[in-house]
Amino acid sequence: MTKKQKKSPWVVLFAILLGIICGSLTGVNTSLFGVSFYSVYNLFGKLFLNALMLIVVPLVSSSIITGVARIGNDHDFQRLGLKIFGFYLGTSLLAILIGLFFVNIFNPGISIHESGTIATALQPLNAAQTSIASESQLHFTDIILQLIPSNIVDAFHGQMLGLIVFSLLFGFAISKIEQKNHTILMGFWQGIFQAMLVITDIVMKFLPIGVFCLVAKSFATTGLGSLQSLALFCISVLAGLFTFTFIALPLLLKFMAKVDPRLHFKAMTPALITAFSTSSSSATLPVTIECVEKRAGVSNRICSLVVPLGNSVNMSGSALYECVAVIFIAQAYGVELSILTQFSVVLLSLIVSIGIGGIPSASLIAIVVILKTLGIPVEGIGLLIAVDRVLDMCRTTTNVFSDSCCAILVARSEGEEQVLKSHSF
Ligand code: ASP
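Described in the following lines is the structure provided in the data block. The structure presented is a predicted model; accordingly, all values stated were derived computationally and were not measured. Throughout this description, residue numbers start from 1 for each chain and increase along the sequence as written. Reporting of local features is limited, given that this is a predicted model, to residues whose pLDDT is at least 70; pairs of side-chain atoms are given and counted only at 80 or more, and all residues count toward the totals for whole chains, interfaces and linings. Hydrogens and water are ignored here; the side-chain numbers use all heavy atoms of the structure.

1. Side note on the overall build of the protein
Stage number 1. Secondary structure counts use DSSP, requiring at least four H or I residues in a row for a helix and at least two E residues in a row for a strand, with both numbered from the N terminus. Helix and strand counts for the protein stand at 20 helices and 2 strands.
Stage number 2. Type-normalised accessible area, obtained with a 1.4 Å probe on protein chains alone, sets the label of each residue: buried when under 20%, exposed when over 50%, and partly exposed for intermediate values. Within the protein, buried positions represent 53% of all 425 residues.
Stage number 3. In what follows, a contact means two residues having at least one pair of non-hydrogen atoms within 4.5 Å. Across the protein, contacts joining residues at least 24 apart in sequence account for 84% of those joining residues at least 6 apart.
Stage number 4. The Shrake-Rupley method, run with a 1.4 Å probe sphere, supplies the accessible areas, and residue values consider only the shown protein chains as cover. As displayed, the protein has an accessible area near 18400 Å², and 70% of this comes from carbon and sulfur atoms.

2. Focus: the packing of helix H17 (residues 316-332) against helix H19 (residues 362-374)
Stage number 1. Interaxial angles span 0 to 180 degrees and are taken between N-to-C directions of axes, which are lines fitted to C-alpha atoms, for helices over the stretch in contact. Orientation of H17 relative to H19, taken along the N-to-C sense of each, is 45°, at an axis distance of 10 Å. By the angle between their axes, H17 is oblique relative to H19. Relative to H19, H17 is oriented so that their crossing is right-handed. Where H17 abuts H19, its residues Ser318, Tyr321, Glu322, Ala325, Val326 and Ile329 lie against Ser363, Ala366, Ile367, Ile370, Leu371 and Leu374. Any angle that falls under 35 degrees is termed roughly parallel, while one over 145 is termed roughly antiparallel, one within 65 to 115 roughly perpendicular, and all others oblique. By convention, the crossing between two helices is left-handed when the near helix turns anticlockwise from the far helix through less than a right angle, and right-handed when the turn is clockwise.

3. Considerations on the site of the ligand
Stage number 1. Any residue with a non-hydrogen atom lying within 4 Å of a molecule or strand is treated as near it. In the region of the ligand, 17 residues are neighbours, and Ser281, Ser318, Ser363, Asp392 and Arg395 sit closest.
Stage number 2. Throughout this description, a polar contact denotes any pair of N or O atoms lying within 3.5 Å of each other; where both atoms belong to protein, one of them has to be capable of donating a hydrogen while the other can accept it, and for residues adjacent in sequence the pair is counted only when both atoms sit in side chains. The contact in question runs from a nitrogen atom of the ligand to an N or O atom on the side chain of aspartate 392, over 2.6 Å.
Stage number 3. Between an oxygen atom of the ligand and a side-chain N or O atom of asparagine 399, the distance comes to 2.8 Å.
Stage number 4. Notes on the ligand: free accessible area 270 Å², of which the protein chains cover 100%.

4. A few points about helix H14 (residues 261-278)
Think of an α-helix as turning once every 3.6 residues; residues three or four places apart then point the same way.
Stage number 1. Taking 1.5 Å of rise per residue, the 18 residues of H14 would be expected to cover 26 Å, and the 24 Å separating its terminal C-alpha atoms lies within 8% of that figure.
Stage number 2. What is called the bend at a residue is the angle between a pair of axes, fitted to the seven residues leading up to and ending at it and to the seven starting from it. Maximum bend of H14: about 60°, positioned at threonine 269, with proline proline 270 one to four residues after it.
Stage number 3. Among the residues of H14, the N-terminal cap falls to aspartate 260, whose side-chain oxygen and the backbone nitrogen of arginine 262 are separated by 3.0 Å.
Stage number 4. One or two positions beyond H14, positive phi appears at serine 279, with a value near 55°. Expected helix span is computed as 1.5 Å times (number of residues minus one).

5. With respect to the pattern of salt bridges
Stage number 1. The rule for a salt bridge is simple: a side-chain nitrogen of Lys or Arg has to be within 4 Å of a carboxyl oxygen of Asp or Glu. Per the counting criterion, the structure on display carries 6 salt bridges.
Stage number 2. When the shortest N-O distance is used, the salt bridge between lysine 83 and glutamate 414 registers 2.6 Å. Of this pair, lysine 83 sits in helix H3 (residues 77-106) while glutamate 414 sits in the segment after helix H20 (385-413); the two residues are 331 residues apart in sequence, bridging distant segments of the chain.
Stage number 3. Close ionic contact of aspartate 392 with arginine 395 constitutes a salt bridge, the shortest N to O distance being 3.3 Å. In this pair, aspartate 392 and arginine 395 both sit in helix H20, 3 residues apart, roughly one turn of the helix.
Stage number 4. Classification of aspartate 392 as buried rests on a relative accessible area of 2%.

6. Focus on the side chain of serine 281
Stage number 1. As for its position among the elements, serine 281 is in helix H15 (residues 281-295).
Stage number 2. Among all residues touching serine 281, those that are not within four sequence positions of it are Asn311, Met315, Gly358, Thr396 and Val400.

7. Some details on the environment of methionine 393
Stage number 1. Mapped onto the secondary structure, methionine 393 falls in helix H20.
Stage number 2. Residues contacting methionine 393, with those up to four places away along its chain left out, are Val215, Ser218, Phe219, Ala275, Phe276 and Ser279.

8. Observations regarding the side chain of threonine 200
Stage number 1. If you trace the backbone, threonine 200 turns up in helix H10 (residues 179-204).
Stage number 2. According to the relative accessible area criterion, threonine 200 is buried, its value standing at 0%.
Stage number 3. With sequence-adjacent residues up to four places away left out, threonine 200 is seen in contact with Ile55, Pro286, Val287 and Glu290.

9. Comments concerning the packing of H15 against helix H16 (residues 300-313)
Stage number 1. At a closest axis distance of 10 Å, the pairing of H15 and H16 adopts a crossing angle of 160°. When the axis of H15 is compared with that of H16, the two are roughly antiparallel. Pair H15 / H16 crosses with right-handed handedness. Between H15 and H16, the contacting residues are Ser281, Ser282, Leu285, Thr288, Ile289, Val292 and Glu293 on the first element and Asn300, Cys303, Val307, Pro308 and Asn311 on the second.
Stage number 2. Three classes are used, and their members are as follows: Ala, Val, Leu, Ile, Met, Phe, Trp, Tyr, Cys and Pro are nonpolar, Asp, Glu, Lys and Arg are charged, and the others, Gly among them, are polar. For the contact of H15 with H16, a count of residues per class yields 6 nonpolar, 5 polar and 1 charged.

Structure (C-alpha cells):
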C-alpha cells in the first residue's frame, strides 16, 4: 500500500482557530433547536479521542515486539536501553530546571498571595479535585505495580507501563525461539503493526473535525477570560515550555544530533498539532510513531523502542509544569522555598512525571502527590484548575516533541545517516 500523505496542516490550524472562536462564543449553555453546541463538541471530540485510543494498545505492542525481536540478539541492546534512559532523564531534568528558572523570575504565587485572591481561590475542593486527592495516595505504589501486571489482559487494558514491559519481554523471547516459529510470530506482529498504521491513516482523515470539537469544547468550558487571573503563572509555564521546545531541544538536535531542527519541526507537525488538540500524548502516539518513522526517517529498530517507551516515561513538558505549579502554590501559601526545598521539587517532579499517563490533566494528580510529599496544602491545586486544560495542550505538545527528539538523538548516535535526509513533507 503506497502512502499518499497529503495532510495539510493549514486545514487543522484553521480548525483550531475556529474551535477557539466558536467555543469562546457559544460557551457551555448556547443551544440551537434544543441541541447545545457544547454537547455536539463533546460527542464528536470524544468519538475522535476514542478512535485514537483504540489504536494505541495494538500499535504500541506490535511496534515494540517487532522492534525488540529484531534487536534481541543484538549485544548492544543493554547499551541502547541505558542510552535511551539517559536521554529521557537528561531532557526531563533540563526541562524542569528551565521551569524552575522562570518560576523564580516571575514569582507568580507571590503576587497572588499579596493580592489576597488566595482566600477566595482556595474554597473547598469540588468532587473532581477530591477524587484527584484520594487517587494520589495510591500513586507511588501504583507506579511500581504497573511495571509487572498480574496478567496479560491487565497489560492490554491500557496500563501502558505494564504493556511496555510485557512487550519488551515478549519481543526479546521471540528473538530467542527456533527460527521457524520466530518467522511466524514476526510476520504476525509485523502484519498487525502495518494494519494499525493503515487504521491510523484513516482516523487522521478526521483530524480537522476532531480538533475543532476538542478545542471548541475546551474553550467553551474555560473561556478566554480565565487566563487573566493566572496570567503570571501561565507566563512562567509558557516561557519554560517555549524555551525548552524552541531553544533547548533544537540546540540539542543541532549540536548533538547534527540535524536541522527546522526539518524536524516540519516532520513532526501532524503529531504536534494532534498533541495540542487532544492534550493526550498517548492518544497522539500513533501519529508520533508515524511521523518519527515515516517523515523523520528514524529506523523502526530505534523508533519502536524510544517513542512508545518515551510516551510513558519521558514527560518533559509535564515535569516542567509540575515543578512550576508546585512552586507557584508554595509561593501562594507563603511557604519558605529554600534551595533544598526547590531541589526536592525538582527531584519529585522528575520521578513523579515518569509515573503519570499520557492522558489529559494527568499532571494534576502528579502535583497533588508532590504537594502531599512536601507537606504543602493540597487544596492549592484549586488555584490552577481553571487554566490547566489550556496549559495541558501546550505541555502535551512539548512531551511529544521531546520524545521525538530523543528518538532522533538516539538514532543519530547509533549512526543512522538517513534521519531527516530524504524527507517527504
Ligand atoms: N496531558 C499530558 C500528556 O498527555 C499529561 C499531563 O497532564 O501533563 O502528555
